[in-house]
Amino acid sequence: MNTEDVLQEFRECGALLEGHFKLSSGKHSSVYCQCALVLKEPDVASRLVAAFIEKLKATDVEIDMVVSPAMGGVIVGWEVARQLGVPGIFTERVDGKLELRRGFEIPEGAKVLMMEDIITTGLSSRECIEAIEEKGGKVVAAGCLINRSGGRAEVGAPITALATIDAPTFDPDNVPDHLKDIPAIKPGSRGLKK
Ligand SMILES: O=P(O)(O)OC[C@H]1O[C@H](OP(=O)(O)OP(=O)(O)O)[C@H](O)[C@@H]1O
Ligand SMILES: O=C(O)c1cc(=O)[nH]c(=O)[nH]1
Ligand SMILES: [Mg+2]
């Protein structure tokens, strides 16, 4: 499955959005990949994850468990874990910081895949990796469905992405005029307020 095939799956699910978006990192963009609209279709999720795992296996990495950052990483992380035949757990934000809750534990030295839906700046991935390493896990790989940083984001572990695209982002004080005219929406859950 190449990048165009992946983007076509997103288009068919109405998940490749255009408008004015405020991203998790605080950056702005005219493009948003709404993975939840893709992952809500179990067959599509399973197909995309199978293609991801093919790429991951080509890196020869050994994985004991998968850990994802909620919310976006939960479904994709669980499906990756299911197809790899290993446990899949998630971190969630408590006062803004990603933590393991619900009795989830990581065995000391376990080789962990940190699995995201999207990597933009890599901030959430780095936060999740920090939470995993605080609990004794060893993050041997990072994965995502779409790395929209053009491959420039660094998270402190090698990244396998099902697709890599270069979707421009803008600092809040540098938003181009054509975007400023559109009210910004923030689809993600970091710092969510009514
Ligand atoms: O690489 P980054 O710059 O961190 O951006 C990508 C992150 O943004 C989204 O999460 P978000 O915090 O919006 O919340 P969500 O997972 O609940 O959608 C997405 O799920 C990634 O976690
Ligand atoms: O950076 C983000 O917050 C982000 C970008 C994107 O395209 N999709 C998403 O779920 N989050
Ligand atoms: Mg997220």
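The shown structure was predicted, so the numbers you read here are calculated from the model rather than taken from an experiment. Every chain is numbered independently, its residues counted from 1 as its sequence is written. By the order in which they are written, chains take letters starting at A while ligands take numbers starting at 1. In keeping with the model being predicted, local features are shown solely for residues with a pLDDT of at least 70 and side-chain atom pairs are shown and tallied solely at 80 or more, while totals for entire chains, interfaces and linings include all residues. For side-chain calculations, the full set of non-hydrogen atoms in the structure is used, while hydrogens and water are omitted.

Here's the deal with the pattern of salt bridges
A side-chain nitrogen of Lys or Arg and a carboxyl oxygen of Asp or Glu constitute a salt bridge if their distance falls within 4 Å. If you walk through the whole model with that rule in mind, you get 14 salt bridges. Notably, a salt bridge pairs Glu62 with Lys111, separated by 3.8 Å at the nearest N-O pair. With Glu62 in the loop between α3 (42–57) and β3 (65–69) and Lys111 in strand β6 (residues 111–119), this pair connects stretches of sequence that are 49 residues apart. Salt-bridge contacts for Glu127 lead to Arg190; the nearest nitrogen and oxygen are separated by 3.0 Å. Of the two residues, Glu127 sits in helix α5 (residues 123–134) while Arg190 sits in the segment after α6 (177–180), which places them 63 residues apart along the sequence. Because the salt bridges share partners, they merge into one network encompassing Glu62, Asp64 and Lys111. Only DSSP runs of H or I reaching four residues or more are called helices, and only runs of E reaching two or more are called strands; each is numbered from the N terminus.

A word on the UniProt feature "binding site: 5-phospho-alpha-D-ribose 1-diphosphate" (unreviewed entry) in the protein
Within this numbering scheme, the UniProt entry marks Arg93, Glu116, Asp117, Ile118, Ile119, Thr120, Thr121, Gly122, Leu123 and Ser124 as carrying the feature "binding site: 5-phospho-alpha-D-ribose 1-diphosphate" (unreviewed entry). With respect to the helices and strands, the residue Arg93 is situated in strand β4 (residues 88–94). Throughout, exposure labels follow a simple rule: accessible area from a 1.4 Å probe, protein chains only, divided by the maximum for the residue type, with under 20% read as buried, over 50% as exposed, and the rest as partly exposed. By relative accessible area, which is 26% here, Arg93 ends up partly exposed. Any pair of residues with heavy atoms lying within 4.5 Å of one another is described as a contacting pair. The contacts of Arg93, once residues within four sequence positions are left out, are Leu98, Ser124, Glu127 and Arg190. N or O atoms closer than or at 3.5 Å make up a polar contact, with two conditions inside protein: a donor-capable atom paired with an acceptor-capable one, and, for residues adjacent in sequence, both atoms drawn from side chains. One polar contact links the side chain of Arg93 to the main-chain carbonyl oxygen of Gly96, over a distance of 2.9 Å. Position of Leu123 relative to the elements: it lies in helix α5. UniProt positions are given in the numbering used here, feature names are shortened, and annotations may be inferred rather than shown by experiment.

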